[in-house]
Amino acid sequence: MTTEAAPPEFDLHTPQKWWQGLFTQERIATTFVSLVVAIAVILPLITLVVSSFLVLDDLGFDTEWGLENYRELFGDRLIRKAFVNTLMISSGTTILATFLGVSLAWINARTNCPWRESLEPFNLIPFFMSPFVGAIAWHNLASPKVGLLNNLARSLFGIEGHILNVDNIYGIIWVTGIFFTPLVYLFVIGSLRRMDPSLEDSARTTGAGLITTTMRITLPLVTPAILSGAIIVFVTSAGEFGVPFKLGTPYGVETLTTQIFTKAVGDDANHYLGAAISMSLGIITGLFIWIQRRVIAPREYTTVTGKGFRPNIIDLGKWKWAALGFNLFYIFVAVFIPLICLFIVSLHPVWEGRIIVEDFTIINYQKAVFWWSPEAIESATNGIGNSIFLALTGATIAMFLAIIVSYMIHRTKGMGSRLLDYLCLIPIGFPGIVLAMGVLITYIQTPIYATLWILMLGYITRFFPYGQRNISSIMMAVSEELDQSSRMAGATWMTTLWRITIPLLKPGIFAGWILLFVIFLRELSISIILYTAGTETLSVGVYYLSNFENEPMTAALSLAQSLLLLACVVVFRRIAGREALTA
Amino acid sequence: MNQSETNGQYLEINNLVKYFGDDRAVDGISFSVPEGKFLTLLGPSGCGKTTTLMCIAGLLKPDSGEITVGGASFTSTEKKIFLAPEKRDIGMVFQSYAIWPHMTVEKNISYPLEIRKINASEIDDRVMEIIRLVGLEDMVGKDATQLSGGQQQRTALARAIVCRPSLLLFDEPLSNLDLKLRERMRIELKRIQHEIGITSVYVTHDQAEALVMSDEIIVMSKGHIEQTGGPHAIYARPANRYVSNFIGIANLIAGKIARTTDSGRAEIEVVQGGERLILPCLLGEGLKTGDDAFLSVRPENVHAVRERPEGPSMEGEVIQTVFLGNHLDCRVRWQDFEWKVQAHPRERLREGESVFVRLDADHTLAVQP
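Just so you know, these numbers come straight off a predicted model, no measurement behind them. (Residues numbered from 1 in each chain as written. Chains lettered and ligands numbered in written order. Predicted model: local features only at pLDDT ≥ 70, side-chain atom pairs only at ≥ 80, totals over all residues.)

A. Just the overall build of chain B, in detail. When helices and strands are tallied, chain B shows eight helices and 21 strands. Reported as C-alpha extents along the three principal axes, the dimensions of chain B are approximately 75 × 50 × 40 Å. The burial tally for chain B puts 44% of its 369 residues in the buried class. (Helix = DSSP H or I, 4+ residues; strand = E, 2+ residues; numbered from the N terminus. Buried ≥ 20, exposed ≤ 12 C-beta atoms within 10 Å, placed from the backbone.)

B. Region of interest: the sheet that holds strand E6 (residues 81-82) of chain B. Residue and element names in this part refer to chain B. Spatial ordering of the open sheet is given by E2-E1-E4-E5-E6, a layout of five strands whose pairing is antiparallel. Both edges of this open sheet fall to strand E2 (23-34) and E6, since each of them pairs with a single strand only. The pairing of strand E1 (residues 9-20) with E2 spans nine bridges and is antiparallel. Along E2, the bridge assignment pairs Glu 12 with Ser 32. (Pairing = 2+ DSSP bridges.)

C. Inspection of the pairing of E1(B) at higher detail. Residues and elements named next belong to chain B. Once E1 ends, the chain turns through two residues before running back antiparallel as E2, passing Gly 21 with a positive phi of about 65°. Two strands pair when backbone bridges link them, and E1 and strand E4 (residues 64-69) are joined in this way by five bridges, in the antiparallel orientation. Bridge pairing links Leu 11 to Val 69 in E4.

D. Main features of the sheet that holds strand E16 (residues 302-305) of chain B. All names here are of chain B. One open sheet accounts for five strands, arranged E16-E20-E17-E18-E19; its pairing is antiparallel. This sheet does not close on itself; its edge strands, each paired only once, are E16 and strand E19 (337-343). The sheet shows a mean angle of 45° between the axes of neighbouring strands, taken without regard to direction. Two strands pair when backbone bridges link them, and E16 and strand E20 (residues 354-359) are joined in this way by four bridges, in the antiparallel orientation. Opposite His 303, over in E20, you have Arg 358 as the bridge partner. (Axes fitted to C-alpha atoms, helices over the stretch in contact; angles between N-to-C directions.)

E. Representation of the domain arrangement of chain B in the model. Residues and elements named next belong to chain B. Taken as a whole, chain B is organised into domain 1 (3-236) and domain 2 (241-367). A C-alpha centroid distance of 39 Å is found between domain 1 and domain 2. Listed by partner, the interface residues are seven residues for domain 1 and five residues for domain 2. Counting only elements with at least two residues in the side of domain 1 that touches domain 2, the list comes to strand E10 (216-221), strand E11 (224-229) and helix H7 (231-236). Here the side of domain 1 that touches domain 2 is built from residues that sort into three nonpolar, three polar and one charged. (Domains from an automatic or database assignment. Contact = placed C-beta atoms within 7 Å. Nonpolar A, V, L, I, M, F, W, Y, C, P; charged D, E, K, R; others polar.)

F. Highlighting the confidence of the model for chain A. Residues and elements named next belong to chain A. Summarising the model, chain A shows a mean pLDDT of 86, and 92% of its residues fall at 70 or more. Counting interchain partners and residues more than four positions distant, the pLDDT-below-50 stretch residues 302-306 has nine contacts. In the model, residues 578-583 has pLDDT below 50 throughout and makes 14 contacts with residues more than four positions away in sequence or in other chains. (pLDDT = per-residue confidence, 0-100.)

G. Highlighting the packing of helix H11 (residues 256-265) of chain A against helix H17 (residues 432-443) of chain A. Residue and element names in this part refer to chain A. Their axes nearest at 10 Å, the elements H11 and H17 cross at an angle of 15°. When the interaxial angle is binned, H11 and H17 end up roughly parallel. In this structure, H11 meets H17 at a crossing whose hand is left-handed. Contact residues: Thr 257, Ile 260 and Ala 264 in H11; Ile 433, Met 437 and Leu 440 in H17. (Parallel < 35°, antiparallel > 145°, perpendicular 65-115°, else oblique. Left-handed = near helix turned anticlockwise from the far one by under 90°.)

H. Geometry of helix H18 (residues 452-477) of chain A. All names here are of chain A. Taking 1.5 Å of rise per residue, 26 residues should cover 38 Å, and H18 covers 37 Å from first to last C-alpha, within 8% of that figure. At Phe 463, H18 shows its largest kink, close to 45°, and the proline Pro 465 lies no more than four residues downstream. Burial runs high along H18: 19 of the 26 residues are buried. (Expected span 1.5 Å × (residues − 1). Bend = angle between axes of the 7 residues up to and from the residue.)

Have a look at this one:
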């Protein structure tokens, strides 16, 4: 008798040649994606390292190998000053954002502060907004001459001069700090909410008071989360370009990012020196991120259980109104007055710091936003379509990569999976402007330069790990056996991916997609290095107006961008939980 | 291909080796299963039983060895053959059941049929037939997330057998159920397997499960096979100290074979705390006079009596009694050794009492160390 036991409907046991084993769907897809990711991530970094050792001669035509760039890095007074400024701004921002983030998280997660459920989404809004736009708004609110708040103070209280001034290093710290507060907030509130309340209860039963328990139990348990948040803020603010560019550069405060910018596109552009500055910034941020990921993140004990707990709520008594006031103050300075100020400024033909109702006009919108109107300034309005295209296409491609990469990290074993894990860490460790510098030097001679694709490449390389983390967190919770049982049911790798894996990951994929969509819509520091005439983005448009036109037009486009981003926040909250934001 | 070429065996594993890093998880094991039989791989966690199962399924690629099903080679490192898991036509029930939460119960069960592009009306018929077979009629139309543990189990089984696979694999399918349900599902699984007659390989660490369900049991440890045999043989004639200890409860005491007879009997010399005894026993496989061995005897074959019995006996003290309703678990200290004794409650042994321990020679076995 024959032993071909297969049912007739299914062709089995086709003899395989040994090499056919090398070309499985899984292997082709994962190899292809790993190569793409590896090239996209590593190539610009290699170029950056190599070109930082190329020295441009005085005429700017020829290069030779040498350490001159690095000598200049330490010798040049301006760069040295920029270095010190960057450290001061990052430290100041970290302190401010950590203070605000931890207190707001504690108020929202652990106290009986009134209306805290309704305040929560507002606390997160700055996360979605552009800090550059925040800087523009605060410039119009609190610059010495044209600041709305200063003018109000002068006319109401008859004060001479000004009460507030954000056009300096403290202004940069203030704006960056309030905009990066949600980063700390998200880390800490997650940790506070996931903490098993019995940990605190058992401390209370040993006779420890409320304050002792908070200091000896709660705080140490949350410390890793606070440190993680603080490091992320430090690194992000070191790489922030828009805020120092708006509030620092015109007033003599340079940072490493603004210096990289001038070396990339300015009149005395020197890509090789720019590469050296980028290297020094990248090494600092990379080191910090490495510490956060490998040393601090594994110590977040409270996140281990992953169970939903009902945390202990502390009764603040009368102080709950102070807590409410504090939270409202934050939302006020980070969300409301900046947006209102932009709206007011955008209605004036020229902005002199005073509200003049008779002069209200929509001409600024016609010039800066309505791309169909004949007065439209193309350098500004081009960005709207370009950014939407980049965000839609970029987020989709990035999430596709993220799915395969997460699959490899969590579902395959061996070297490849560990290497990919590291590869995904690299872009997070390097500020956008550093990566963009590498991308610029790498691809400036290729046809993709001066197209939207070079921007797309920069965006995806820098930010796809954020999407990947969204997917990974779900993939870790989903048993591998769900995939395996589909294979056993006779489905190929591709069919399994399509019918089982992706549907199960849907919430993570959506959350990641919208997060990337938002990030791409407001992206400035990569765009500013890689754009050319015709490939402006929304934020580049704002930059252009701020630099070459006037404040009211800038405000009009800024407001339009902010409203677009706000709409995304609403969609995001519908689809994803707050956990999805923690990058 | 002829049945004779496969020696009447349906599934054949030859010299299977699988490394995890430097760890030899499966260390060159070989076994075979006749068509329609139920084989259990039994052993503690980390013994390589699940790894072996995954290799059969094709979810792991062995480092060397050959796997043949029904005469067709699924994996052969020598011939460089590795059939993708989806091409093996194997049904598998996973430890977590792996019921897809985004599908209904029927969609879960009909998935393998859909993948095989069977027409819709036949799918419906076959799904309903299977649903009746596993007793899930009440759950038709429900979401997979609404299922209880036992129902998930049944769904997983239904999905594994719906396309009448050539081989059925179980990876500790009962370990997540509570005791009562587990005992019921054992019988149920065995019934269904018997009804459809699919050759099955079952992995478990639960010896009771293995004894109840299997036609044949393979006891594994550290990546190799300790013993192969029917449930009765494994229990009554463990090949060595490891198996004896792993299956059921056994008194194990070191000794030396003093004398052997032709009828498979022997005498074993046991020295304990200065006392030297010669005890009659059955001779286990691979032992001869002068060999070091272990005496293995189940608690139910150890008797504690108040009066000195005829033949060899050991005087000791009852140090613990645990009343379990139908029997009395006792510990009797003799020299440095504690005998586990299963006594009848009527005997009313008391702690501190002095007794004589006698072994049932027909159920006392000398095994390899």
